[in-house]
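Take a look at the letters that make up each chain.
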Amino acid sequence: MGKTPVKKQGSVTYAGALAILQGGMLLGGCGGPDLSEGETRPAVNATESATPAAAATRTATVAGPERLVLAFGDSLYAGYGLARGDSLPDDLQDGLRAAGINARVVNAGISGDTSAAGRQRLAYTLDRLDRKPDLVLLGLGGNDLLRQLPTSETRANFTAMLDELERRDIPVILTGMMAPPNLGPDYAGQFNRIWPDMAKRYDAVLDPFILAGVIGNRQLMLPDGVHPNAQGVDRIAARLTPVVAARLSKL
């Protein structure tokens, strides 16, 4: 392939995202052992994580009733290529508890999942929890992008998942995905509009691009150029933790 022009998304060089598509790989599809459909990964106790937030958690005093957060997504939640305790849900739990919030974050990320796979297992996953979550983080769409699935299908799957969460009266934070420009303006425009449209329709909080500030930075990514390393996850968690904390404070 010839050289693809590098474009920027905000301050983020999008070269890494172009490499994802050129490599034709799924988000974690070839990683370690995946969970069977509907199976959730229990959140790791904060003291098991090696992140800076975990050290603070050991001395932080948490208060208030337990807040149960379900992190429902693909390998970017599952912790592809990372040690136990270094996933994004682990970091979020550590950060929330370090801030004094009595939070338990359940990791329901499955590597390789598309929005269609998420749609199929969402109700089952919710039913298997010990109680209704106070908040759901919904992070899918990356594998739809890599497979270049029709945007109408991705939109329909998100609509179905958000309808289910609305029916159960569970608030949502959407962690979005963005298409690199080498897919063309029509596809990228249709794909990128899904998340802000869903956020507006369902009154969900939106983090527009989960990999913002990380993708394209080799120091923050695994060698595959697709997934963040532990330091990259720390960067994402540092951005998301205040967003999650603010949403929980309104419940």
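Residues numbered from 1 in each chain as written. Predicted model: local features only at pLDDT ≥ 70, side-chain atom pairs only at ≥ 80, totals over all residues. Heavy atoms only, no water.

Position of Ile173 among the secondary structure elements: in strand β6 (residues 172–175). A sequence separation of 71 residues divides Ile173 from Val244, and the C-alpha atoms of the two residues are 7.7 Å apart. Aside from chain neighbours lying at most four places away, what touches Ile173 is Leu135, Val136, Leu137, Leu138, Val205, Val243, Val244 and Arg247. (Helix = DSSP H or I, 4+ residues; strand = E, 2+ residues; numbered from the N terminus. Contact = heavy atoms within 4.5 Å.)

Quick look at the nonpolar core now. In terms of nonpolar packing, the biggest core is built from 61 residues, with Phe72, Leu88, Leu138, Phe158 and Leu174 touching the most fellow members. Counting residues per element, this core draws most heavily on helix α10 (residues 230–249), which supplies eight residues. Those residues in contact with Phe158, other than ones at most four positions away along the chain, are Ser115, Leu138, Leu140, Gly141, Leu174, Ile194, Trp195 and Met198. (Core = buried A, V, L, I, M, F, W, Y, C linked by side-chain atoms within 4.5 Å. Buried < 20%, exposed > 50% of the residue type's maximum accessible area, 1.4 Å probe, protein only.)

The full count for this structure, using the stated rule, is three aromatic pairs. Relative to Trp195, the ring of Phe158 has its centre 5.3 Å away and its plane inclined at 70°; by these criteria the two rings are edge-to-face. In this pair, Phe158 is assigned in helix α7 (residues 151–167) and Trp195 in helix α9 (residues 194–202), connecting sequence segments 37 residues apart. Summarising the burial analysis for this pair, Phe158 and Trp195 share the class buried. Summarising the aromatic geometry, the rings of Tyr187 and Phe191 are spaced 6.0 Å apart at their centres and angled 15° between planes, so their arrangement reads as stacked. Here Tyr187 and its partner Phe191 are both found in helix α8 (residues 185–192), four residues apart, which amounts to about one turn of the helix. Accessibility expressed as a relative area gives 16% for Tyr187, which makes it buried. A network of ring pairs unites the aromatic residues Phe158, Tyr187, Phe191 and Trp195 as a single cluster. Across the ring face of Phe72, the terminal group of Arg121 is positioned such that the distance to the ring centre comes to 4.2 Å. (Phe/Tyr/Trp six-rings, centres within 6.5 Å; stacked < 30°, edge-to-face > 60°. Lys NZ or Arg CZ within 6 Å of the ring centre and 35° of its normal.)

Further remarks concern the pattern of salt bridges. Considering all chains together, one arrives at ten salt bridges under this definition. For Arg155, the salt bridge goes to Asp197, with nearest N and O atoms at 3.0 Å. Highlighted residues: Arg155 in helix α7 and Asp197 in helix α9, separated in sequence by 42 residues. The class of Asp197 is partly exposed, set by a relative accessible area of 33%. What you see here is one network of salt bridges that share partners, running through Glu66, Arg104, Asp130, Arg131 and Asp134. (Salt bridge = Lys/Arg side-chain N within 4 Å of Asp/Glu carboxyl O.)

Mapping Asn102 onto the fold places it in strand β4 (residues 101–109). A polar side-chain atom of Asn102 sits 3.2 Å from a polar atom in the side chain of Arg97. Look past the residues within four positions of Asn102 in its chain and what remains in contact with it is Val62, Ala63, Gly64, Pro65, Glu66, Arg67 and Arg97. (Polar contact = N/O pair within 3.5 Å; in protein donor to acceptor, adjacent residues only side chain to side chain.)

This brings us to the confidence of the model for the protein chain. For the protein chain, per-residue confidence averages 84 on the pLDDT scale, and 76% of positions sit at 70 or higher. Low pLDDT, under 50, characterises residues 1–18; the predicted model gives this stretch 35 contacts beyond four residues in sequence or across chains. A low-confidence stretch, residues 30–50 stays under pLDDT 50, and its non-local contacts, those more than four residues away or across chains, total 53 contacts. (pLDDT = per-residue confidence, 0-100.)

This part is about the pairing of strand β5 (residues 135–139). For β5, a buried count of five out of five residues is recorded, marking the element as mostly surrounded by other parts of the structure. In β5, alternate side chains face the same way, and those of Leu135, Leu137 and Gly139 on one face and Val136 and Leu138 on the other are all buried. In the sheet, β5 pairs with β6 via three bridges, with the strands oriented parallel. When the bridges of β6 are listed, Leu138 appears paired with Leu174. (Pairing = 2+ DSSP bridges.)

Reading across from one edge, β4-β3-β5-β6-β7 is the order of the five strands in this open sheet, with parallel pairing throughout. The sheet terminates laterally at β4 and β7 (205–207), the two strands that pair on one side only. Put simply, the sheet's adjacent strands are angled 20° from each other on average, direction ignored. (Axes fitted to C-alpha atoms, helices over the stretch in contact; angles between N-to-C directions.)

Taking 1.5 Å per residue as the helical rise, α10 with its 20 residues ought to reach 28 Å, and the 27 Å between its terminal C-alpha atoms agrees with that figure. Where α10 bends most, at Leu240, the angle is about 30°, and the proline Pro242 comes one to four residues later. Those residues of α10 that sit buried are Ala230, Gly232, Val233, Ile236, Ala237, Leu240, Thr241, Val244, Ala245, Arg247 and Leu248. Buried residues belonging to α10 abut β3 (63–73), α4 (88–98), β4, β5, β6 and β7. Regarding α10, its N-cap is Asn229, as a side-chain oxygen of that residue lies 3.0 Å from the backbone nitrogen of Gln231 further along. (Expected span 1.5 Å × (residues − 1). Bend = angle between axes of the 7 residues up to and from the residue.)

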